[in-house]
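# Structure assessment
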Amino acid sequence: MVVRLGDDFPHLTGAESGCYGVESCHKISGNFRQMAKQLITQLEAQGYQLTEREDIDDTGHRVFEVIAPDNPDEISYLNVYSPDVGSTVYVLTVDVLSLEQLKQLSA
């Protein structure tokens, strides 16, 4: 369900791995819209192709289809959440995942 991120993945500076018991989940302080924009910029600079999913209607949840430069035939989903004011959580998954589903993965 969760994609293990390689060493070359352009994480946000200061992001901590391991949230909700999921090692490939990352949490950082900051406005989730700004953090998502920064993450998108970093990914595109490394050759990733991103398309925002407009059909996701959850408040505090943005989803982007991601195509890695070294794997153009596979689509992953970058889920960016705002679990509470002033913090951002992001995770790359094989399917769109709500925050509640993410929290249940380690259960």
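Anyway, here's the lowdown on the structure attached to this text. (Residues numbered from 1 in each chain as written. Predicted model: local features only at pLDDT ≥ 70, side-chain atom pairs only at ≥ 80, totals over all residues. Heavy atoms only, no water.)

## Quick look at the pattern of salt bridges
- Per the counting criterion, the structure on display carries 4 salt bridges.
- Across the pair Lys103 and Glu100 runs a salt bridge whose closest N-O atoms are separated by 3.8 Å. With a gap of 3 residues between them, Lys103 and Glu100 both fall in helix α2 (residues 99–104), about one helical turn apart.
- The class for Glu100 is partly exposed, based on a relative accessible area of 48%.
- A network of salt bridges, in which partner residues are shared, links Arg53, Asp55 and Glu65. (Salt bridge = Lys/Arg side-chain N within 4 Å of Asp/Glu carboxyl O. Helix = DSSP H or I, 4+ residues; strand = E, 2+ residues; numbered from the N terminus. Buried < 20%, exposed > 50% of the residue type's maximum accessible area, 1.4 Å probe, protein only.)

## Some details on the sheet that holds strand β1 (residues 16–19)
- With respect to topology, 6 strands assemble into an open sheet ordered β1-β2-β6-β5-β4-β3, the strand pairing being antiparallel. Taken across any chain shown, the strands that pair with only one partner, and hence form the sheet edges, are β1 and β3 (49–52). Averaged over neighbouring strand pairs, the angle between their axes works out to 30° when direction is ignored.
- The pairing of strand β2 (residues 22–29) with strand β6 (residues 87–93) spans 4 bridges and is antiparallel. By the bridge assignment for β6, Lys27 is matched with Val89. (Pairing = 2+ DSSP bridges. Axes fitted to C-alpha atoms, helices over the stretch in contact; angles between N-to-C directions.)

## Some thoughts on the pairing of strand β4 (residues 61–68)
- With 6 of its 8 residues buried, β4 lies for the most part within the structure.
- Pairing between β3 and β4: 4 bridges, direction antiparallel. Across the sheet, residue Glu52 finds its bridge partner in β4, namely Phe64.
- Sheet analysis places β4 next to strand β5 (residues 71–81), joined by 8 bridges and oriented antiparallel. Bridging across to β5, Ile67 finds its partner in Ile75.

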